[in-house]
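So you can see what is in the structure, the chains are spelled out below.
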Amino acid sequence: MSTGTHYEVLARKYRPQNFSELAGQEHVSRTLQNAIDSGRVAHAFLFTGARGVGKTSTARIMAKTLNCERGVTHEPCNICPQCIEITKGTSTDVFEIDGASNNGVDDVRDLRENIRYLPSHSRYRIIIIDEVHMLSTNAFNALLKTLEEPPEHVKFIFATTEPHKLPITILSRCQRFDFKRVTLPKIIARLREIAGKESVTISDTSLALIARKGDGSMRDSLTAFDQVLAFCGNSVSDEDVATLLGAIDRRLLAEISAAVFAGDTQTVLAGVKQVDLVGYNMRQFCQELIEHFRNLLVIRSVKKPEEILDLAAAELEELHKQLLHISALDIQRRLTLFIKAESEMAYASFPRLIVEMVLLKAALLAPLVPIQELIEKIKSLETAAVHTPSLPWEAVRVVPAPAPQPGEAPSSPTRPSHPAHDVAPTPAQTAGHTDWGRFVAYVNERERLLGSVLEHGSPVKQETGLIEIGFPAGSYYLTAALEAEFIAEVQVLARVFTGAETVIRVKAIEAGFADAPLSLAEKKKNDAEQLLEDLKREVENHPVVKEAERVFGSTVTDVRNY
Ligand SMILES: [Zn+2]
């Protein structure tokens, strides 16, 4: 394409010629088409919106629709002489006026003279005034007279990027349509379609980069695409696009942010070096980091990020993956760091240094554990203390844990240590057959009431065919367990559980009877207390809490497990 003598820019070559080709302005197309179908077409329209979103294209499509020789239908035929002339800009009945250069009262007076005549070949004389806010006050006044009593054969279409500059008298006489910025996925889809027609090989990553350059303007995106094609020809590489458009490769941003979360300082600094090597402005890079982390935060915080973020579907999915184990809070803390650094960079002599420092700081931040997560952990530990399947029958007696050997790390306070570390089964018990914890869990699943009593019992003796369970003397549990019905039912369950006839014997344990193993309920209570102790220690030693104590000059007085 660039080898030819004439190169038509993409924005002109692929200008939408009917409503269905108008990307991103479906709400406008639908309303205009409904008006045409129902024969209620206003005599003056105002199209507002950012540059390059399709206002003038829509005005021409509308003009063709109104003057098409095939009749007023909701799409122009684009092949009759009227349609073709309007497309070429040579129709004698459609006047396109640039408000910026024809803004005087004389121009409007000429216009008024002009529209007094009936259209030469068409149904309507159509006046399209682009950048209509540029007209002078006198010109507006002259125009107003026509708008107040418009001839039947005249239609006005005004377009502007700045509707607030229009007099209310004009605004009130127009049917107004607000054009939206075109979303990134829609621009990408259009670019992909054009790439196909132009036989250009280009990745979705590059298309997204080009589309982003357009910032919601289809025309600007196509101009950026022109620039890329002029440089790369028909085979476009991601690196070329990134260099050409002065954009940071999104993959590099994703790589750096992943390294930040992983605490991988090596990769973080290597990334900054790479950014610097391509001569990218460090402050702009920091701004892109901010945007990137803002995207991450939105993805982590809302259910439908695609409705809020201007991101291609593939990018969204990629970022999602990166975030699986990162909390919104942790993203937010880093985002705050970057925003602060960016403002410092305006007058900085060493912008790269600032970027490196802030990224290192972000990479070395200790993760915050949300309180809810701590609570969940505690709950799961509590459950595990009762239902853990690996808790052997013999292992219920708690003996002091051996002191850690030199060099041996103490067990983590938030992780349950394996019961085997806390207990030492006696030789006689290692021959045991059943599993007290599992048995109680088994009973619990079937007969919750029996299980809740058993949880308070200690397995004081167990032999083949016999389980002796002790309960605290004088307790409710002892009374309940001594019921013949209770014993009979537990015996049935024990037989099924062990696969052998098993006698259940219940006895009282006098207070201070130290030899009795702990009941599951006691163990659970002990574990919960231990856990709270550990939690207190962890909270008190947490760097954030320490920092809070320093900042507020306070101390932690209480830690509660809600
Ligand atoms: Zn036509």
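Above this note sits the structure.
Rules and cut-offs
- Residues numbered from 1 in each chain as written.
- Predicted model: local features only at pLDDT ≥ 70, side-chain atom pairs only at ≥ 80, totals over all residues.
- Axes fitted to C-alpha atoms, helices over the stretch in contact; angles between N-to-C directions.
- Helix = DSSP H or I, 4+ residues; strand = E, 2+ residues; numbered from the N terminus.
- Parallel < 35°, antiparallel > 145°, perpendicular 65-115°, else oblique.
- Left-handed = near helix turned anticlockwise from the far one by under 90°.
- Contact = placed C-beta atoms within 7 Å.
- Nonpolar A, V, L, I, M, F, W, Y, C, P; charged D, E, K, R; others polar.
- Core = buried A, V, L, I, M, F, W, Y, C linked by C-beta atoms within 7 Å.
- Buried ≥ 20, exposed ≤ 12 C-beta atoms within 10 Å, placed from the backbone.
- Domains from an automatic or database assignment.
- Pairing = 2+ DSSP bridges.

**Q** Talk me through the packing of helix 9 (residues 204–214) against helix 10 (residues 218–232); I want residue IDs and the actual numbers.
**A** Between helix 9 and helix 10, whose axes approach to 7 Å, the crossing angle comes to 130°. In this view, helix 9 runs oblique relative to helix 10, as classed from their interaxial angle. Where helix 9 crosses over helix 10, the handedness of that crossing is right-handed. Contacts between helix 9 and helix 10 pair I210, A211, K213 and G214 from the former with M218, D220, S221, A224, F225 and V228 from the latter.

**Q** Residue-level account of the packing of helix 12 (residues 250–262) against helix 15 (residues 313–322), with values.
**A** One can describe the packing of helix 12 onto helix 15 by two numbers: an axis separation of 11 Å at closest approach and a directional angle of 10°. Between helix 12 and helix 15, the interaxial angle falls into the category roughly parallel. Helix 12 and helix 15 meet at a crossing whose hand is right-handed. Between helix 12 and helix 15, the contacting residues are R250, A254, S257 and A258 on the first element and E315, E318 and Q322 on the second. A class-by-class count of the residues in the contact of helix 12 with helix 15 yields two nonpolar, two polar and three charged.

**Q** Describe the environment of K507, with residues and values.
**A** Tracing the sequence through the fold places K507 in strand 8 (residues 503–509). A sequence separation of 49 residues divides K507 from S458, and the C-alpha atoms of the two residues are 9.8 Å apart.

**Q** Which residues make up the nonpolar core, and what are the values?
**A** F47, I128, I157, F158 and I210 are the most contacted members of the largest nonpolar core, which totals 92 residues. Per-element tally for this core: the top contributor is helix 14 (residues 282–301), with eight residues. Taken domain by domain, this core gets at least three of its residues from each of domain 1 (25–178) and domain 2 (250–364). Those residues in contact with I128 that sit more than four places away from it in its chain are A59, A63, V94, F95, E96, I97 and I157. Counting residues in each nonpolar core, the second largest holds 16 residues, with W436, V453, I467 and F471 among its members.

**Q** Tell me about the sheet that holds strand 7 (residues 466–472), and please be specific about residues and values.
**A** Reading across the sheet, the three strands line up as 6-7-8 and stay open at both edges, with mixed pairing between neighbours. Edge positions in the sheet fall to strand 6 (458–463) and strand 8, since each of these pairs with one other strand and no more. Neighbour-to-neighbour, the strand axes of this sheet turn through a mean angle of 20°, independent of strand direction. In this sheet, strand 7 lies alongside strand 6 in antiparallel orientation, the contact comprising five bridges. Looking at the pairing, E463 lines up with L466 of strand 7. Against the sheet, helix 23 (residues 484–498) contacts strand 7 and strand 8, and its axis sits at roughly 130° relative to strand 8.

**Q** Give a detailed account of the sheet that holds strand 2 (residues 94–98), specifying residues and quantitative values.
**A** Taken in spatial order, the five strands of this open sheet run 2-3-4-1-5, and their pairing is parallel. Two strands in the sheet have a free side with no partner beyond their single neighbour: strand 2 and strand 5 (175–178). On average, adjacent strands in this sheet sit at an angle of 15° to one another, irrespective of strand direction. Examined bridge by bridge, strand 1 (residues 44–48) and strand 5 share four bridges and lie parallel to one another. Following the sheet pairing, L46 is matched in strand 5 by R176.

Take it as geometry only, folks, not as evidence of what the structure does.
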